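This is what each chain is made of:
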Amino acid sequence: MKACDLAAGQRLTLDSLKILSSDIERYNEVTSAPRIVTDGLELVPPTLLVAQAFWRLMEMVELPDGTIHLGQDIEVLCPVGVDQWVDIEAVVNRASIRQGQLFLFIELWLRVQEVPAVRAVTSVVAPGAASI
Amino acid sequence: MEGFVSTFTMTQERIDGYAEWSRDFNPLHVNPVFAAQSPFGGTIAHGMLVLGIVGGALAANYGERWLKGGRLRARFREPVRPGDVLTIRCEPKGPARGAADREQGFAIIVTNQRNVTVVDCQGAIFAVRV
């Protein structure tokens, strides 16, 4: 699916993800983040979850080279631990073209066993909207 | 809740490492030839890498209070380039309306070595240890 085909209100069900302890270890290396274990459960950094969810979205929606991330909202509603399956739904909040650029505001809902765990809103601008 | 200040140096090696981890090989981040011809004039860090560093600083300072119930609203103001030395300043703010008992607000400004704001954030963590 091309990015310009997205329309406000559109909902996309993305592939589920499961974060392993090794995924967190590699992520923490590049972000200099500490490992957080509570009550014997290693918690997944919310920024990691959103990054992975965004990657799942990019597997479905083709964004052109040169796409820029403008903003990112993250809200943790329920902690996510390693080895938990996370279901992802994307909702297009806004898709508009200004000065030849495509502006997208996409809400990501991450749920564990149907319980909302993380809500995120990603805003990006993609160049060359006419040719996307 | 106390604020904090952290510093961090961005490197191309770290950008490349994040690209491999995230599988985001946008040439603006990893291809110096492509990026040199872009309006940025060179490679820039992924926004989510910079935000991951901010999240790491929140986790280092507030632990599970961030991972169990944090909120963050980040705006990427300027690109972060290899070699940039970032300073992350977090200051406590009042709680969000209606959430006085549950959360503590904060503001984060990330600046580079030229004191230019590259990211600004508003957010909150649980006010009490959970």
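Our structure's up above, just so we're on the same page.
Treat the numbers as computed from the prediction; the structure is a model and nothing was measured. (Residues numbered from 1 in each chain as written. Chains lettered and ligands numbered in written order. Predicted model: local features only at pLDDT ≥ 70, side-chain atom pairs only at ≥ 80, totals over all residues. Heavy atoms only, no water.)

Caption draft 1: Geometry of helix H1 (residues 21-31) of chain A. Residue and element names in this part refer to chain A. The complete set of buried residues in H1 reads Ile24, Tyr27, Asn28, Val30 and Thr31. Taken around the axis of H1, the buried residues stretch over an arc of 165°, which confines them to a single face. Away from the buried face of H1 by more than 90 degrees, exposed residues Glu25 and Glu29 are located. Just downstream of H1, serine 32 is the residue with a positive phi angle, here 55°. (Buried < 20%, exposed > 50% of the residue type's maximum accessible area, 1.4 Å probe, protein only. Helix = DSSP H or I, 4+ residues; strand = E, 2+ residues; numbered from the N terminus. Arc of directions from axis to C-beta.)

Caption draft 2: Just the pattern of salt bridges, in detail. If you walk through the whole model with that rule in mind, you get 10 salt bridges over all chains. When the shortest N-O distance is used, the salt bridge between A:Arg119 and A:Glu107 registers 2.8 Å. Taken together, the residues span a long stretch of sequence, with A:Arg119 in strand E7 (residues 115-126) and A:Glu107 in strand E6 (residues 101-112) at a distance of 12 residues. We classify A:Arg119 as partly exposed; its relative accessible area is 25%. Given the relative accessible area of 12%, A:Glu107 is considered buried. Here B:Glu103 makes a salt bridge to B:Arg71, at a shortest N to O gap of 2.3 Å. (Salt bridge = Lys/Arg side-chain N within 4 Å of Asp/Glu carboxyl O.)

Caption draft 3: The arrangement of unusual backbone geometry in detail. Residues and elements named next belong to chain A. Positive phi, normally seen in glycine, also occurs at aspartate 83, with a value near 70°. Within the secondary structure, aspartate 83 is located in the loop between strand E4 (68-76) and strand E5 (85-98). On the accessibility criterion, aspartate 83 (47% relative accessible area) is partly exposed. Not every positive phi belongs to a glycine, and glutamate 114 is a case in point at roughly 70°.

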